[in-house]
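Structure assessment
Residues per chain are reported as follows:
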Amino acid sequence: MKFFSREDVNLGRQTEVDCLKAFTIFLMLIVHAYEACAENFDNVIFEAFHFMETLTGAATFMICMGLGMRYSRSQSPKAYLRRGLELLTVGQLLNILRDSIPSLAAYWITGEQKYIANVLVVQTDILTFAGLAFVLMALLVRLNLSSGALLGIGFGMNAAALALRGLFHTTGNYALDQLLGFFIVTDAEVYFPLFSYFVFVAFGYALGGAYRRIQDKDGLSTRVLQIAVPVAALYYALRLTTPLPLLPEFLSTEQYILNPLTDAAVNCLSAVCFLAVFYKLLKRNGGRIPALAAHLSKHINSYYCLSFLLFTPLETVMVLLWDSLLPGAVLPFLYGLLVLVICHAVIDWNERKLGFTVTNLRGRRRVIVYSAIWLATLLICVYAYPRIEVFATIWNDYLGV
């Protein structure tokens, strides 16, 4: 059966993509609740969510972003560049509110090095990566490269990130490591370097081009589930049980940050499997998307940012006051659900009453706010960095904070 048309026939809202985005941010939120607020991760609830988030996580977030580029009203290099600069600025604001201000306050109260070391005002977070990815995409689209060429560049960058990690870890200067860390993996705080993760944006962009031409989504979803699910299941079974040459230990920090080679390819395959599953589930539901899933998908960046403001500062406060975090397996999970409810209420209230977002600012207000964010970044760096003896990073477990 012919699954694809020569023309664009599958236009409009793709509700299975909305469900995948909602599923991804929900898993992220629960995992972040444990990572920020749990005393220990040695429990079946965290392990289950952690494994599922490894199958989706930031990679699927970026695949959906790349796919969405092909359905966006504005697909010009200029629009991509503008969106990239917006995301870089929003990501920097999140860094300041989530990490810098709570850590500075704790440092001023206690004078302890571990708090000033966690200021982390400059770091490669997922929004920073997304901003850089949009900027790079603006350049590549301007060069009129095909989807296949973009995908080849993405996998080439991913392989280069793995190779460079084997050859290089640090320049000996944290600031320079952090600058390089926006692009490759270094010993600075570099969670989503551009070279490791751009492959997922490129794959999503290529997938979006194909998605617009699907004329038999039901038949194609069936074929995907028949072929891709067994392949992905066998691969992950192998990764869980057998060390593979060149690849970092599965579920390790380095593996998540590099997401290299076959791990990246099967992560892409997993996303396609989830799209097929959600399409089938929605079909059984008459095509109706659950209200919560629609809300999560529509406001995915807001959930990401707001949830972190309820996780990381709480972690700092608990360490400061009690030198401990939430005990047990259930309490962090319940707190994650509570954060989900709070975020939903705040986002819904803002949408109905205020309609305010940083990216909606225009004209002089936009210039003033964006300039203030970057000026605050500079001032915090000038104040904090000379006072830091050992920088907190993912590699040293943020010095226990």
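Residues numbered from 1 in each chain as written. Predicted model: local features only at pLDDT ≥ 70, side-chain atom pairs only at ≥ 80, totals over all residues. Heavy atoms only, no water.

Scanning the entire structure with this criterion turns up 15 salt bridges. The partner of Asp18 in a salt bridge is Arg13, with the nearest N and O atoms 2.9 Å apart. Between Glu351 and Lys298 there is a salt bridge, with its nearest N and O atoms 2.9 Å apart. On the criterion of sequence distance, the pair formed by Glu351 in helix α15 (residues 330-354) and Lys298 in helix α13 (residues 291-298) is long-range, its members being 53 residues apart. Overall, the relative accessible area of 56% leaves Lys298 in the exposed class. In this structure, a network of salt bridges that share partners links the residues Arg83, Glu86 and Arg366. (Salt bridge = Lys/Arg side-chain N within 4 Å of Asp/Glu carboxyl O. Helix = DSSP H or I, 4+ residues; strand = E, 2+ residues; numbered from the N terminus. Buried < 20%, exposed > 50% of the residue type's maximum accessible area, 1.4 Å probe, protein only.)

Moving on, we get to the packing of helix α3 (residues 57-69) against helix α9 (residues 194-211). Where α3 contacts α9, the axes come no closer than 6 Å and their chain directions differ by 40°. In terms of axis orientation, α3 runs oblique to α9. Between α3 and α9 lies a crossing of right-handed hand. Counted together, Ala58, Ala59, Met62, Ile63, Met65, Gly66, Leu67 and Met69 of α3 and Tyr197, Phe200, Val201, Phe203, Gly204, Tyr205, Leu207, Gly208 and Tyr211 of α9 form the full contact between these two elements. (Axes fitted to C-alpha atoms, helices over the stretch in contact; angles between N-to-C directions. Parallel < 35°, antiparallel > 145°, perpendicular 65-115°, else oblique. Left-handed = near helix turned anticlockwise from the far one by under 90°. Contact = heavy atoms within 4.5 Å.)

Turning to empty space enclosed by the protein, a few remarks are in order. A complete count under the given rule lists 1 cavity of 30 Å³ or more for this structure. Reported here for the largest cavity is a volume of approximately 70 Å³. Along its surface, the largest cavity is lined by 14 residues, and Thr54, Gln255, Tyr256, Asn259 and Asn267 are the ones closest to its centre. Elements that contribute at least two residues to the lining of the largest cavity include exactly α2 (44-55), α3, α11 (253-258) and α12 (261-284). With 3 residues, α3 is the single largest residue contributor to the lining of the largest cavity. Looking at the lining of the largest cavity, its residues break down into 6 nonpolar, 6 polar and 2 charged. (1 Å grid on protein atoms, 1.4 Å probe; cavity = no way out; pocket = protein on both sides within 12 Å on 5 of 7 lines; lining within 4 Å. Points joined across faces, edges and corners; volume = space filled by probe spheres on them. Nonpolar A, V, L, I, M, F, W, Y, C, P; charged D, E, K, R; others polar.)

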